[in-house]
Structures are given as structure tokens and as C-alpha cells.
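Here are the chains, one letter per residue:
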Amino acid sequence: MHEVSIALGMVDELKRIAKENNAQKINIVTLRIGKLSGIVTDSLKFAFDAVKLEHPIMSSAEIVINEVSLVYQCDECSTTFETGDIYFPACKKCASYNLKMISGEEQDIENVEVEV
Ligand SMILES: [Zn+2]
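Chemist: Looking at this model, I keep getting lost on the nonpolar core. Mind explaining?
Modeler: Most often, soluble globular proteins keep nonpolar side chains buried together rather than apart. By size, the foremost hydrophobic cluster in this structure holds 18 residues, and its most contacted members are Ala7, Met10, Leu14, Ile26 and Leu44. Those elements that provide at least two residues to this core are helix H1 (2-20), strand E1 (25-34) and helix H2 (41-51). Per-element accounting of this core gives the leading share, six residues, to H1. Setting aside chain neighbours within four positions, we find Leu14 in contact with Ile26, Val29, Met58 and Val112.

Right, here's the structure in full:
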């Protein structure tokens, strides 16, 4: 499962963040996951909840996932729009396919709440 390797990578990142902040415990982890990132958010949450148990510093951490919408800007008319069409999105104003992605591919740690 793709999501397990992502969760493991996040655990490493969280351990680094905890160390930098002299944290005793990680309470809440907020992630930003784009609709086009290919990540199934439920699977990621499940994977994270499993791997966190091996790390006392985050074993009780809550994971919050903010899904980031797919947003494009049209190169022809500069309209910015949100779409659910991940395959063939077209500009909502002029129907052009000449688009630039603004958001939707995120897979980041947005915020970490720690106890020091
Ligand atoms: Zn347009």
C-alpha cells in the first residue's frame, strides 16, 4: 500500500520536528493532501494510526487531514476555478484546456501540535 510508505516518511519528518522543538509528545498532526496527489486519505489515516504506535512520542497523536481542492488557472482568460474533473478539466469560462494547476497535488505536513 502506497499510503504506508507515505506514513513512514511522515513519521521520520515528525520525529525531526519533535527533536527540533524539544517536544515530549506530539498531540495533533495536520496534513494537507491534494485531491490529485493519488493518496487515499482514509488509507493514509489508517496507515499512520498503525505506524505511530511504534513511536512513543506520537503514539497518541491525532491525525487530521485537510483535503485540498483541485484548482486551475486558465492560460487563455486567467479565470481561476475549482474542479472535480481530474482527467480532462476545461476552463469554466472559455472551455480552454490550456490550464495551469494552482493546487491539488499537495502531500505536506501542514501543522504539528506538540507538548514541550
Ligand atoms: Zn479560460
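Read on, since the account is not over.
Chemist: How should I be thinking about the pairing of strand E3 (residues 70-74) in this particular structure?
Modeler: The two faces of a sheet get side chains in turn, since along a regular strand they alternate between them. Only one face of E3 is covered, namely the one carrying Leu70, Tyr72 and Cys74; the face carrying Val71 and Gln73 has none of its residues buried. As paired strands, E3 and strand E4 (residues 80-83) are joined by four bridges and run antiparallel to one another. Paired with Leu70 across the strands is Thr83, a residue of E4. Where E3 and strand E5 (residues 99-103) come together, four bridges link them in antiparallel fashion. The partner of Tyr72 across the bridge, within E5, is Met101.

Chemist: I keep staring at the sheet that holds E3 and nothing clicks. Help me out?
Modeler: The strands making up a sheet associate through hydrogen bonds between their backbones, and the pairing can be parallel or antiparallel. Across the sheet, three strands lie side by side as E4-E3-E5; this open sheet has antiparallel pairing. Both edges of this open sheet fall to E4 and E5, since each of them pairs with a single strand only. Within this sheet the neighbouring strands show an average axis-to-axis angle of 35 degrees, counted without direction.

Calculation rules
Residues numbered from 1 in each chain as written. Predicted model: local features only at pLDDT ≥ 70, side-chain atom pairs only at ≥ 80, totals over all residues. Core = buried A, V, L, I, M, F, W, Y, C linked by C-beta atoms within 7 Å. Buried ≥ 20, exposed ≤ 12 C-beta atoms within 10 Å, placed from the backbone. Helix = DSSP H or I, 4+ residues; strand = E, 2+ residues; numbered from the N terminus. Contact = placed C-beta atoms within 7 Å. Pairing = 2+ DSSP bridges. Axes fitted to C-alpha atoms, helices over the stretch in contact; angles between N-to-C directions.

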